[in-house]
Every structure is written in structure tokens, then in C-alpha cells.
Amino acid sequence: MQSRRARLDRFISSRMGISRRDVRQLLIQGRIAVDNCIACEMHHPIGQFSRVTLNDEVLQADTALYVMLNKPAGVVSATRDAQHQTVLDLLNRKDKGNLHIVGRLDFNSTGLVLLTNDGAWSRRLTSPEHKVAKNYLVTLKKPITPDYAQAFAEGMYFPYEDIQTQPAQLHINSQFTAEVILTEGRYHQIKRMFGRFQNPVLGLHRTKIGCIHLDPTLAPGESRDLTETEIACSQASNSVN
Ligand code: URA
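Residues numbered from 1 in each chain as written. Predicted model: local features only at pLDDT ≥ 70, side-chain atom pairs only at ≥ 80, totals over all residues. Heavy atoms only, no water.

A.B. asks: Account for the pairing of strand E7 (residues 66-71), with residues named and values stated.
C.D. replies: The buried fraction of E7 is high, at six of six residues. Across the two faces of E7 the burial is the same, with Tyr66, Met68 and Asn70 and Val67, Leu69 and Lys71 all buried. In the sheet, E7 pairs with strand E9 (residues 110-116) via six bridges, with the strands oriented antiparallel. Across the sheet, Met68 pairs through a bridge with Leu114, a residue of E9. Judged from the three bridges that link them, E7 and strand E17 (residues 223-225) form a sheet pairing that is antiparallel. Residue Leu69 lies in a different strand from E17, and its bridge partner there is Ser223. (Buried < 20%, exposed > 50% of the residue type's maximum accessible area, 1.4 Å probe, protein only. Helix = DSSP H or I, 4+ residues; strand = E, 2+ residues; numbered from the N terminus. Pairing = 2+ DSSP bridges.)

A.B. asks: Help me get a handle on the packing of aromatic side chains, residues and values and all.
C.D. replies: Counted by the stated rule, this structure contains four aromatic pairs. Centre to centre, the rings of Tyr148 and Phe194 are 5.9 Å apart; their planes meet at 55°, and the pair counts as tilted. Placement of the pair is Tyr148 in helix H4 (residues 147-154) and Phe194 in helix H5 (residues 189-195), with a sequence separation of 46 residues. The same class applies to Tyr148 and to Phe194, which are both buried. (Phe/Tyr/Trp six-rings, centres within 6.5 Å; stacked < 30°, edge-to-face > 60°.)

A.B. asks: So what about the state of the cysteines? Which residues, and what values?
C.D. replies: Evaluated as defined, the whole model comprises one disulfide. Here Cys211 pairs with Cys233 through a disulfide, and the sulfurs are 1.9 Å apart. Disulfide Cys211-Cys233: torsion about the S-S bond near 85°, hence right-handed. A residue pair is termed long-range when its members are at least 10 positions apart, and Cys211 in the loop between strand E15 (201-209) and strand E16 (212-213) and Cys233 in helix H6 (residues 228-235) qualify at 22 residues. Cys37 forms no disulfide, and the closest cysteine sulfur to it belongs to Cys40, at a distance of 9.7 Å. Cys40 sits in the exposed class, given a relative accessible area of 60%. (Disulfide = S-S within 2.5 Å.)

Below is the structure:
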């Protein structure tokens, strides 16, 4: 699997165990193709999902996979676990061993989980500097008061990590329910934020990551591939929120 910045000459040289001078000869002879076009440049950039052939023999041809799952409660956001069912156990597809999880949900949290084999895509959706919004519906044990919203917007100091959380939005839906929008994913972040008000979280359901909404037709435990539109919008740098 190649990083986004791999160069064709380095890739062929390391894959075939030949010098870069030999790679140049192969390029001059038109024997190397990238994505079905004859390549001529040593520096031709190749990505994880570029199709690379030498003499029509495929050296790399991974397909990008993008999957959404409606996670039920009582399932671990991990690819394997000795004790509990994992989100991967819920998928019924041959290629599931190639997938990794894009931002975990706690054991009892429910809703949207994305899985992929595209590391660059998952890094962009999860890394705090990209500030991709994640929406959660939260059910609380005690009534929510209007002062919560300001505390969430100001951010909270988490001494364990020695960080101030990014500004978060809290919209009160009813006495015991709210929508929270985070742009990062610290450990148990929402539970810890409501914990500052001694208000335990009873239910936490993720509805959206960036532009991707949880498909309301997916029952808990069900999954589907993302549509072309969902993939395109999540890849567009200005439309992830
Ligand atoms: N915050 C939490 O506390 N738990 C989750 O599962 C997600 C966000």
C-alpha cells in the first residue's frame, strides 16, 4: 500500500528490486502504465489506489472502500476483541479485513460509524486540525440548563491530556435531550463534558460526520457502501462540515 506521496520510480525500483536507472529504461520503452495510461515521468505521483502495471502485469490495484454502519449499543469499535462483538463482526463482506474504523464510538454509544481502507481519507475526517463536525444526539439523566451551551462553546480544560477542548455547539432539544457538535474526538469527550455538570449521559447517538448523514433506512447493525455523492462531498475540502 503506497502513501499519497509515492513516486513511480521509487515504487517500481523497490517492488522489482531494480535500480532507478533501469526504471528509466522501462519508462522510455513505454512498459509501465499508471491508471491505464503509459507513464513517462520518473516522478509520476502514485497513490494508494493507483493501478500500476509493468508489461501489463498488475503491480498494485487496490480499490478504495468506504462503508457506513449503524452501530448498535454493546458493540466494540475495534476490529477484534476477545470478549465482545466488534463493528467488523457486524459486516458480512469478504474485504472487511482491509477496513479500519474512522473515529470510534464508545461501547454503549450508537449510530454512524465509518469504515475504510483509505488512510488519507480517515485521517482527514478525524484529525483535529481539519475540524470536521461530528453530530451527536445526547440523552441526559438530569435536566439540561441554558448555561451548558456557553461552557461547551468556551471549551473545557481536560487535565489528563492537558488540553482545552475545541469550541463545541450544544443545542437543547428538550429538557433531557440535546444535539452536540464536536470538531474533535477526545476520549469519552461528551460524557466528560456533561460530567462537569454532574449530569450523566444515558444515551449517545452519532447522526453525522462531516457531510455524511447516517442513513435512516439502516437498522442497528446494518451497513452499506457510501454513495458516489457521499464520497465526493467528504473528499471536497470545503464541504466536510
Ligand atoms: N463522546 C463520548 O463520550 N462517547 C462517544 O462515543 C463519542 C463521543
